[in-house]
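Coordinate inspection notes
These are the residues of each chain, in order.
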Amino acid sequence: MSMQLQNLPFDSEDIAKFSRDRNEPNWFSELRMKGLNLAEELPLPKPEKTRIADWNFTDFNYDTSSAAVNNLSDLPEDIRRLMNNGDGAGNVLVHVNSSAVYHHLSQELIDQGVIYTDLATALRDHSDLFAKYYFKTTSIKKHRLTALNAALANGGSFLYIPRNVVISEPVQAVYYQNAPSAGLVAHTVVVAEQSSAVTFVESYLSDPIVGKGVANIVSEVVVGENAQVKYGAVDEFSDQMITYVNRQAEVARDGSIQWALGQMNDGNTLSENATNLQGDGAAADIKAVSIGSGSQKQNFDNYVRHVGKATKSQLLVRAAQKDASNSIFNARTKIEHGASGADGEQTQRVLMLSDQARGDANPILLIDEYDVIAGHAASVGRVDPDQLYYLMSRGIKQETAEKLIVEGFLAPIVDLLPIEGVRKQLATLIERKVG
Amino acid sequence: MTVPELKINDLHVSVEGKSIVKGFDLNMKGGEIHALMGPNGTGKSTVASALMGHPKYSVTSGQALLDGENLLDMSVDERARAGMFLAMQYPSEVSGVTNADFLRTAINGRRGEGNEIPLMKFIKTLDKKMQMLEMDQAFAERYVNEGFSGGEKKRNEILQLMMLEPKFAILDEIDSGLDIDALKWVAKGVNSMRSENFGCLIITHYQRLLNYIKPDKVHIMMQGRIVKTGGPELALQLEKEGYDGMKAELGITDDETVEA
């Protein structure tokens, strides 16, 4: 352990100063210190079949501020294309490196009590409320990477929807990195109070100029009783960036969450997605797509835990593996004792596009209750030769036919994303990565 | 334009090492409609798949020339671009790809880069052909064959045929399992294609479809080759006497059926 302690390229003084400069409340500074101590003590996570010991999670520049902009037109094109029409009317928060540079929330939503702001502002203006939810659905002590997230958080969003408020327009967050060796340590908290509804979409991207950067992302979603949250995400970090992303939700009685995750990083990625169906009648729909390319290594763990009675979950993972990429997909459905009437279904399909690529789909059902329905399906295979023959028999070249099939295979998630710009982002990414 | 010509000489095809087609000859020209009939398992569909280039079917000897070009040397997509079309008995479903995208990609594949069909023209043509087949407009945006009924799949095959305008089409048991309405749409589609630039080989087990699409020639296939050729009256005779009667007439006794 002491050896790894030396590996951390920052110490308590650095972190105290970083926190002081940002005028953070005491409770948060203290959590940073706790995080630092834990990061020194705790081991890295141990993802099944993926060796991450030599991945750089710690050496990066976490203080890369960028100037705020008043107009969307001042933002880089990579960001603007993600937004609807670029008219600035959407509810959007834009982060460049470790600064929030643009923010807009409609007056109507402000009047209804909706809070949507970046991490720094949340700590300044809504400290008590934010503290209630910070690191509550996932533990700071989970492993070294969650502890690091607490120690070095330099970005993130806080979205709070009061009781009975239904937001019809999607709420959007964009994170863009373009500083050399930049590290994004983002912590997002979404809280949907009783009978509220919201659609939240986040996009993460980086310019290749970042080089060996790091992303450490924790997103927590608290779905209140009878509330509905749709959570979409597109990850698009460049090939030398190492990513740890942890998206967690806790769902109360009759609440529901829908995840639509486009996991399109070009670099090594460790992803944990977990949904805790705590209340009776809570429901989760999880859909995730990814494409492995180059020599990247990825590990995706999707976990659903049924605690409440008559809870329902559906998990669909689809992935394509190219080149010499290596991805492991774990789908874990756990039905706890007492969760009678629970229904958990999972499907994972991996399409292999190269002989050098590797993809493992591991379905895991853990059931501790009799009166339940649970099912799983997992397959790893090649492009269906009959489909290929069919398309080619219409005069479509093999390459194009394969592309069509793979893009079609991954389409179900694209169709779920509610913002045109983000949908295009994912569609374009799929095209590029498959191409 | 010269009238297209398809010449098949002494074709032998095997599937997984088993010889199924044994000396199949056929000459067709644009403007002609031929029917290929015969009992199940005589190799009719095998001829169709082999001509289109299905990887499971290997041509062990013989020749297939389209306008003098050797079809058998071409890949599946090259055969299609050369002008061949096969309406399949069991078309694949392709999830996530809309019919419209699929068709446009196919049409542009034939037209080549730089000569793509203008979008508006494509939409207009598609609308027109779908109307003719009484297909709901929603079909254009549905995923290829996914969740289609048997009849819808067959109509979708005919829609593709009409959009792609090949030189030669083979309809592989397009009528199997179709109700009379669907049968009429299929016939309407094929009849609308009739011209001297288009030839069609209808593979069928039943005479019924031929009431709606009048063939110029009818071929009876048994044991891997054509055993008798005639005009439309041959189909009627077959309808009356059945394949057993035909066998008796031709003195075919040793009916070793093979898997299709």
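Residues numbered from 1 in each chain as written. Chains lettered and ligands numbered in written order. Predicted model: local features only at pLDDT ≥ 70, side-chain atom pairs only at ≥ 80, totals over all residues.

Naming follows an unreviewed UniProt entry, where chain B appears as Fe-S cluster assembly ATPase SufC of Sporolactobacillus kofuensis.

Just so we agree on the cut-off: UniProt positions are given in the numbering used here, feature names are shortened, and annotations may be inferred rather than shown by experiment.
Chain A carries the name Fe-S cluster assembly protein SufD in an unreviewed UniProt entry, which gives Sporolactobacillus kofuensis as its organism. Taken from UniProt, the Sequence similarities (unreviewed entry) comment for chain A reads in full: "Belongs to the iron-sulfur cluster assembly SufBD family."

**Quick look at unusual backbone geometry**
Residues and elements named next belong to chain A. As a reminder of what qualifies: Our exposure labels follow a C-beta count within 10 Å of each residue's own C-beta, placed from the backbone: buried means 20 or more other C-beta atoms, exposed means 12 or fewer, and partly exposed covers the counts in between. Labels follow the DSSP assignment, with helices taken as runs of H or I lasting at least four residues and strands as runs of E lasting at least two, numbered in each case from the N terminus.
For phenylalanine 135, which is not glycine, the phi dihedral falls at a positive 55°. Accessibility expressed as a C-beta count within 10 Å gives 21 for phenylalanine 135, which makes it buried. A positive phi angle is found at serine 195, which is not glycine, with a value near 60°. Its place among the elements puts serine 195 in the loop between strand S6 (183–192) and strand S7 (197–206). Serine 195 gets classed as partly exposed once you count the C-beta atoms within 10 Å, which come to 16.

**Remarks on the UniProt feature "domain: SUF system FeS cluster assembly SufBD N-terminal" (unreviewed entry) in chain A**
UniProt annotation of "domain: SUF system FeS cluster assembly SufBD N-terminal" (unreviewed entry) refers to residues 93–172 of chain A when read in the numbering used here. Secondary structure content for residues 93–172 of chain A is 35% helix and 26% strand, and the end C-alpha separation is 6 Å.

**What to know about the sheet that holds strand S3 (residues 33–37) of chain B**
Residue and element names in this part refer to chain B. Here is the rule we go by: At least two bridges found by DSSP between two strands are what make those strands a pair. Angular values range over 0 to 180 degrees, each being the angle between N-to-C directions of two axes fitted as lines to C-alpha atoms, with helices fitted over their stretch in contact. This entry defines residue contacts through backbone-placed C-beta atoms, with two residues in contact when those atoms are within 7 Å.
Taken together, 6 strands build an open sheet; the order of strands is S6-S9-S10-S3-S11-S12 and the sheet is mixed. The open sheet has two edge strands with one neighbour each: strand S6 (84–87) and strand S12 (225–230). Each neighbouring strand pair of the sheet contributes to a mean axis angle of 20°, computed without reference to strand direction. In terms of strand pairing, S3 meets strand S11 (residues 217–222) through 4 bridges, oriented parallel. Within S11, the position partnered with methionine 37 by the bridge is isoleucine 220. Here helix H7 (residues 232–250) sits on the sheet and contacts S3, S11 and S12; the angle it forms with S11, its principal contact strand, is near 20°.

**Remarks on the nonpolar core**
Counted only if it meets this: Think of a nonpolar core as buried Ala, Val, Leu, Ile, Met, Phe, Trp, Tyr and Cys residues chained together by C-beta atoms that fall within 7 Å.
Val223(A), Val229(A), Ala87(B) and Ile202(B) are the most contacted members of the largest nonpolar core, which has 203 residues in total. Examining the composition of this core, we find that 9 residues originate from one element, helix H10 (residues 398–414) of chain A, more than from any other. Setting aside its immediate chain neighbours within four residues, Val229(A) contacts Val190(A), Ala192(A), Val198(A), Phe200(A), Val221(A), Val223(A) and Ile257(A).

**A few points about the confidence of the model for chain B**
All names here are of chain B. We count it as follows: In predicted models, pLDDT denotes the confidence assigned by the predictor to each residue on a 0 to 100 scale.
Considering every residue of chain B, the mean pLDDT works out to 92; 97% of them sit at 70 or more. For chain B, the element scoring lowest by mean pLDDT is H7, at 88; S6 scores highest, at 98. Model confidence for the complex: the whole-complex pTM is 0.85, and ipTM, which rates the interface, is 0.95.

**Quick notes on the interface of chain A and chain B**
Heads up, the condition is: Three classes are used: nonpolar for Ala, Val, Leu, Ile, Met, Phe, Trp, Tyr, Cys and Pro, charged for Asp, Glu, Lys and Arg, and polar for all others, with Gly counted as polar.
On the chain B side, the residues contacting the 21 residues of chain A number 21 residues. Of all the secondary structure elements, the ones that give two or more residues to the side of chain A that touches chain B are helix H9 (385–392) and H10 of chain A. If one sorts the elements of the side of chain A that touches chain B by residue count, H10(A) sits on top with 9 residues. Grouping the amino acids of the side of chain A that touches chain B by side-chain chemistry returns 11 nonpolar, 6 polar and 4 charged.

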